[in-house]
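The chain contents come next:
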Amino acid sequence: MTTTLRLLGVDFTSVPSRRKPITVAHGQLVGGVLRLESVQALPDMASFGALLAAPGPWLGAFDFPFGLPRVFVDELGLGADVGAVGDTVHARCADRRAFQALVDDWAAARPPGQRLPHRVTDRALAGVSSTSPLQTRYVPVGFMWFEGMPRLLAAGLHLPGLRAGDATRVALEGYPGALAYALIGRRSYKNDADAARLIARKDMVEALEQGRVPDVPRLKLAHAQRDALVDDASGDRLDAVLCLVQAAQAAARPGWGLPPAVDPVEGWIVGARFEAIAASRATRAPDATEAAEVAGGA
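Given the structure is predicted, the values throughout are model-derived calculations rather than measurements.

## Here we look at the environment of Asp166
Note on placement: Asp166 falls in strand 6 (residues 166–173). Sequence-wise, Asp166 and Pro57 are 109 residues apart; in three dimensions their C-alpha atoms are separated by 9.5 Å. Residues within four places of Asp166 in sequence aside, it is in contact with Gly156, Leu157 and His158. There is a polar contact of 2.8 Å between the side chain of Asp166 and the side chain of Thr168.

Right under this line is the structure:
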């Protein structure tokens, strides 16, 4: 399957434009080597919809949260799975600002330090933590969920562990920051044209080409592709390629490398550590959903 499956890595933005497009890396995994075929810029949501509708077989890793923290979902009664949550939120919230107000009102009643909770998977990444999906300022991850997840659902994609769909078009949640940490530690590599970040991007690309990280396929690039990744100070092209690598990792693993049971409202990031599920259960009383997962052998 890995010799014929087309792979996508998607660096998403909730407000795409020609200046700041959704960036998509296309590639194919052959014999343990990941070949980058092209990098595509999508300037609007219509283009993104066309990407999702493209016939398979393909597997994509998308850089935005597929779910919301369970405590938020349960306390507001938003639904039992990602589809129901998306429908309820969009029925209550006419636009992104209304969603921000929903989060702000809920958070205001919570103690300091607990107002933007994380999902279990956000805390299950080696060396890093992804931003709470309720964050709508600074890095507006919540807006990315609000705009991105309904489009995946509407396109009828297969979301392993979350929603059955077209098995030839598979979408997984990626997080390029986790792979970046494995490549260069905590060094900054994007959103600035300074020399230090240029060197960091160069080091990341070299590490990927040389296959220095265990369980990460070696990346094959043309000279022009290498230069384009290194020279892009925004880091968007590189983030798309990192998601592409995560898609390739998932394609080579049984069950896409996901846990046997995924929380149906929180989702799971490719490559996050399974043991975090048990640790989370040990530190709080299980709710009905968790009890059902335990009964099912999760």
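## Focus on empty space enclosed by the protein
Under the criterion given, the structure shown has two cavities of 30 Å³ or more. Within this model, the second largest cavity holds a volume of roughly 60 Å³. Phe66, Leu159, Pro160, Leu162, Ala171, Leu172, Glu173, Leu258, Val262, Gly267 and Trp268 together form the lining of the second largest cavity.

## With respect to the side chain of Gln225
Within the secondary structure layout, Gln225 lies in helix 8 (residues 223–231). Among the polar contacts listed, one links the side chain of Gln225 to the backbone nitrogen of Ala222, at a separation of 2.8 Å. Discounting chain neighbours no more than four positions away, the residues touching Gln225 are Leu36, Glu37, Ser38 and Lys220.

## Re the sheet that holds strand 4 (residues 58–62)
Strand order in the open sheet formed by seven strands is 5-6-4-1-2-3-7, and the pairing between neighbours is mixed. Sheet topology places strand 5 (157–158) and strand 7 (218–220) at the edges, where each strand pairs with a single neighbour. With six bridges connecting them, strand 1 (residues 6–11) and strand 2 (residues 22–30) associate as antiparallel partners. Paired with Leu7 across the strands is Gly27, a residue of strand 2. Docked against the sheet, helix 9 (residues 236–251) engages strand 1, strand 2, strand 3 (33–42), strand 4, strand 6 and strand 7, running at close to 140° with respect to strand 1.

## Comments concerning helix 3 (residues 82–92)
Structural remark: α-helix, 3.6 residues per turn; residues separated by three or four positions point the same way. Those residues of helix 3 that sit buried are Val82, Gly83, Val85, Gly86 and Val89. For helix 3, the angular spread of buried residues about the axis comes to 165°, placing them on one side. Exposed and oriented more than 90 degrees from the buried face of helix 3 are Asp87 and Ala91. Contacts from the buried residues of helix 3 go to helix 2 (70–76), helix 4 (96–108) and helix 5 (141–154). For helix 3, the N-terminal capping position is held by Asp81, with its side-chain oxygen 3.0 Å away from the main-chain nitrogen of Gly83.

## Structural notes on the side chain of Glu147
Looking at where Glu147 falls in the secondary structure, it is placed in helix 5. Residue Glu147 is classed as buried on the basis of its relative accessible area, which comes to 15%. Ignoring sequence-local partners within four residues, the contact set of Glu147 consists of Phe12, Ser14, Met45 and Arg96.

## Some thoughts on the environment of Leu153
Note on placement: Leu153 falls in helix 5. For Leu153, a relative accessible area of 19% puts it in the buried group. Along the backbone, Leu153 and Arg163 are 10 residues apart, and their C-alpha atoms lie at a distance of 8.1 Å. Leaving out residues up to four positions away in the same chain, Leu153 has contacts with Val82, Gly83, Leu159 and Arg163.

## Some points on the pairing of strand 2
Within strand 2, eight of the nine residues are buried, which leaves the element mostly enclosed by the surrounding structure. In textbook terms, the turn of a hairpin is the stretch between consecutive antiparallel strands, and for strand 2 and strand 3 this stretch comprises two residues, one of which, Gly31, has a positive phi near 60°.

## Considerations on the confidence of the model for the protein
The predicted model of the protein averages 91 in pLDDT, with 92% of residues at 70 or higher. The model gives residues 284–298 a pLDDT under 50, and that stretch makes 18 contacts with residues more than four places away or in other chains.

## Side note on the environment of Phe146
Considering the arrangement of structural elements, one finds Phe146 in helix 5. In sequence terms Phe146 and Val89 are 57 residues apart; their C-alpha atoms lie 8.5 Å from each other. Residues within four places of Phe146 in sequence aside, it is in contact with Val89, His90, Cys93, Asp95, Arg96 and Phe99.

## Digging into the nonpolar core
One broad rule of soluble globular proteins: the nonpolar side chains tend to lie buried together. Among the nonpolar cores identified, the biggest contains 89 residues, and Leu7, Phe48, Leu59, Phe62 and Leu152 are the most heavily contacted of them. Top contributing element to this core by residue count: helix 9, with 11 residues. When sequence neighbours within four positions are dropped, the list of residues in contact with Phe62 reads Val10, Phe48, Leu52, Leu152, Ala171, Leu172, Glu173 and Gly174.

Scoring rules and cut-offs
Residues numbered from 1 in each chain as written. Predicted model: local features only at pLDDT ≥ 70, side-chain atom pairs only at ≥ 80, totals over all residues. Heavy atoms only, no water. Helix = DSSP H or I, 4+ residues; strand = E, 2+ residues; numbered from the N terminus. Contact = heavy atoms within 4.5 Å. Polar contact = N/O pair within 3.5 Å; in protein donor to acceptor, adjacent residues only side chain to side chain. 1 Å grid on protein atoms, 1.4 Å probe; cavity = no way out; pocket = protein on both sides within 12 Å on 5 of 7 lines; lining within 4 Å. Points joined across faces, edges and corners; volume = space filled by probe spheres on them. Pairing = 2+ DSSP bridges. Axes fitted to C-alpha atoms, helices over the stretch in contact; angles between N-to-C directions. Buried < 20%, exposed > 50% of the residue type's maximum accessible area, 1.4 Å probe, protein only. Arc of directions from axis to C-beta. pLDDT = per-residue confidence, 0-100. Core = buried A, V, L, I, M, F, W, Y, C linked by side-chain atoms within 4.5 Å.

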